[in-house]
Amino acid sequence: MKAAVLVKPLQIELGDHPIPNPGPGQLRIRLQEVGICGSDIHYFGGHRPLPEPTIIGHEGWGYIDALGEGVNRELGERVVIDPNAPCGECSYCARGQATVCPNKRTIGLNAPGCFAEYVLIPADFAHKLPDSITSKDAVTIEPTAVAYNALKKASLTKGDAIYVLGLGAIGMLITHLAVEQGLHVFANDLNPVLQEKAYEFGALNGDWKAQDIRVIFECTGSAAATTQLIADAPRGASVILLGLSEKQASFTPLDLVRRGISIQGSLIYDHPEDFKSVIQLIKDGKIQPHKIISKYIPLAEVQAGLQLATDGHPGKIVVQIV
């Protein structure tokens, strides 16, 4: 099979590799499309170094191609990949915190990923796609689940106001989902193309600091932006962090406590509930996450695509495997 391996920062090697065979409880997926994610950019740029050459990529969909022992699924079934499989046995999994399981298997990180023609995944982590969901929506389900989980954590009600800072894929999808839920969304990005896209999704134009903002979503991944956002948060607001800055942000505990500001991180999604919920929303026509897609490239151009995303290309780049 053809596969793109990140051999070192900023260097992808596309070559021939053996087609993997599924072990017990696994499926082999013949991949069709894979989105480029912010974490792929971090790996590509060396900001999150990988211990060894790795096939990266995890936002994929495709068809079940082979079954491992003990798996009862249909060959040819059209599925979207849930790339994070917690161990189910540690204390974190036992108390419902599987998202922070230290033993979770993440394809594209500690298991071969999706910038390839085939990938292996545990059978329970391939979600069947209704025929009515198009390929362009299918490839955006995984990041939409990330956004869905963050909004779920916020515990908002219709009519509440939120502020989204940073309109990459996750910030844009939070905006889209929040508008669909009847929330008043104020959103901001330095890129005017992304700013206009947020307005198309229904974001409101105005000074967020003059609004009764309940929850702020930090999606930039900038420590400086996070520090400023916490300082500017209105009394009683919650700040949910999704941007993955590796630098130190700061706040003054006295100020934070007196203003009643809470800070919470949001990492990936709950399995399998969030994927199922997103699939249903798309099936019902309530959201169209494919609208964040701005460019398609073939697998042979994944190096250029990763560089383009690293340089700040506005929108989601999708790699077409076939």
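Residues numbered from 1 in each chain as written. Predicted model: local features only at pLDDT ≥ 70, side-chain atom pairs only at ≥ 80, totals over all residues. Heavy atoms only, no water.

Considering the environment of Gly-236
Put simply, the rule is: To qualify as a helix, a DSSP run of H or I must reach at least 4 residues; to qualify as a strand, a run of E must reach at least 2; elements of each kind are numbered from the N terminus. For this analysis, residues touch if any pair of their heavy atoms sits within 4.5 Å.
Along the polypeptide, Gly-236 turns up in the loop between helix 7 (223–232) and strand 14 (238–241). Taking the C-alpha atoms as reference points, Gly-236 and Leu-306, 70 residues apart in sequence, are found 39 Å from one another. Setting aside residues up to four positions removed in sequence, Gly-236 forms contacts with Arg-259, Gly-260 and Ile-261.

Observations regarding the sheet that holds strand 2 (residues 11–16)
How we decide: The rule for pairing is simple: two strands pair if DSSP sees at least two bridges between them.
If you walk across this open sheet you meet the three strands as 2-1-4, and the pairing is antiparallel. Because the sheet does not close on itself, it has two edges, and the strands there are strand 2 and strand 4 (54–55).

Section: a nonpolar patch on the surface
What counts, and what does not: Any residue with relative accessible area above 30% and no salt bridge may belong to a patch, with like charges joined within 9 Å and the nonpolar Val, Leu, Ile, Met, Phe, Trp and Tyr side chains within 5 Å. Every accessible area reported is derived by Shrake-Rupley at a probe size of 1.4 Å, with residue values counting cover from the shown protein chains alone. We define a salt bridge as a side-chain nitrogen of Lys or Arg found within 4 Å of a carboxyl oxygen belonging to Asp or Glu.
Together, Tyr-92, Val-100 and Leu-267 line one region of the surface with nonpolar side chains, adding up to about 230 Å² of accessible area. Considering the arrangement of structural elements, one finds Val-100 in the loop between helix 2 (91–94) and strand 8 (105–106).

Focus on the packing of aromatic side chains
The condition is simple: In this analysis, rings of Phe, Tyr and Trp, with Trp reduced to its six-membered ring, are considered paired at centre separations within 6.5 Å, and the interplanar angle assigns stacked below 30 degrees, edge-to-face beyond 60, and tilted for intermediate values. Throughout, exposure labels follow a simple rule: accessible area from a 1.4 Å probe, protein chains only, divided by the maximum for the residue type, with under 20% read as buried, over 50% as exposed, and the rest as partly exposed. Whether a charge sits over a ring depends on NZ of Lys or CZ of Arg being within 6 Å of the ring centre and within 35 degrees of the ring normal.
According to the stated counting rule, one finds three aromatic pairs in the structure shown. With a centroid separation of 5.0 Å and an interplanar angle of 90 degrees, the aromatic rings of Tyr-269 and Phe-275 are classed as edge-to-face. When sorted by exposure, Tyr-269 lands in the same class as Phe-275, which is buried. Arg-28 extends its terminal NZ or CZ atom over the ring of Tyr-118, reaching a point 5.4 Å from the ring centre. When the ring centre of Trp-61 is taken as reference, the NZ or CZ atom of Arg-78 above it lies at 5.1 Å.

As for helix 1 (residues 38–45)
Side chains three or four residues apart in an α-helix point the same way, a direct result of the helix having 3.6 residues per turn. Operational definition: Working definition: the arc comes from the directions between the helix axis and the C-beta atoms, pointing outward to the latter.
Among all positions in helix 1, only Ser-39, Asp-40, Tyr-43 and Phe-44 are buried. Down the axis of helix 1, the buried side of the element spans an arc of 140 degrees, and every buried residue falls inside it. Turning to helix 1, the residues buried within the fold contact strand 1 (2–8), strand 2, strand 3 (26–35) and helix 10 (302–310). Once helix 1 ends, the next one or two residues include Gly-46, with phi positive near 85 degrees.

Quick notes on the packing of helix 4 (residues 141–154) against helix 5 (residues 169–180)
When two helices pack together, their arrangement is captured by the angle between the axes and the distance separating the axes. Worth spelling out the cut-off: Throughout, an axis means a line fitted to C-alpha atoms (over the contacting stretch in the case of helices), and angles, computed between N-to-C directions, take values from 0 to 180 degrees. In what follows, roughly perpendicular refers to angles from 65 to 115 degrees, roughly parallel to angles under 35, roughly antiparallel to angles over 145, and oblique to any angle outside these ranges. Note: crossing handedness is left-handed where the near helix turns anticlockwise from the far helix by less than a right angle, and right-handed where it turns clockwise.
Between helix 4 and helix 5, whose axes approach to 9 Å, the crossing angle comes to 60 degrees. In this view, helix 4 runs oblique relative to helix 5, as classed from their interaxial angle. In the crossing of helix 4 with helix 5, the sense of the turn from one axis to the other is right-handed. Contacts from Pro-143, Thr-144, Val-146, Ala-147, Tyr-148, Ala-150 and Leu-151 of helix 4 reach helix 5 at Ile-170, Leu-173, Ile-174, Leu-177 and Ala-178.

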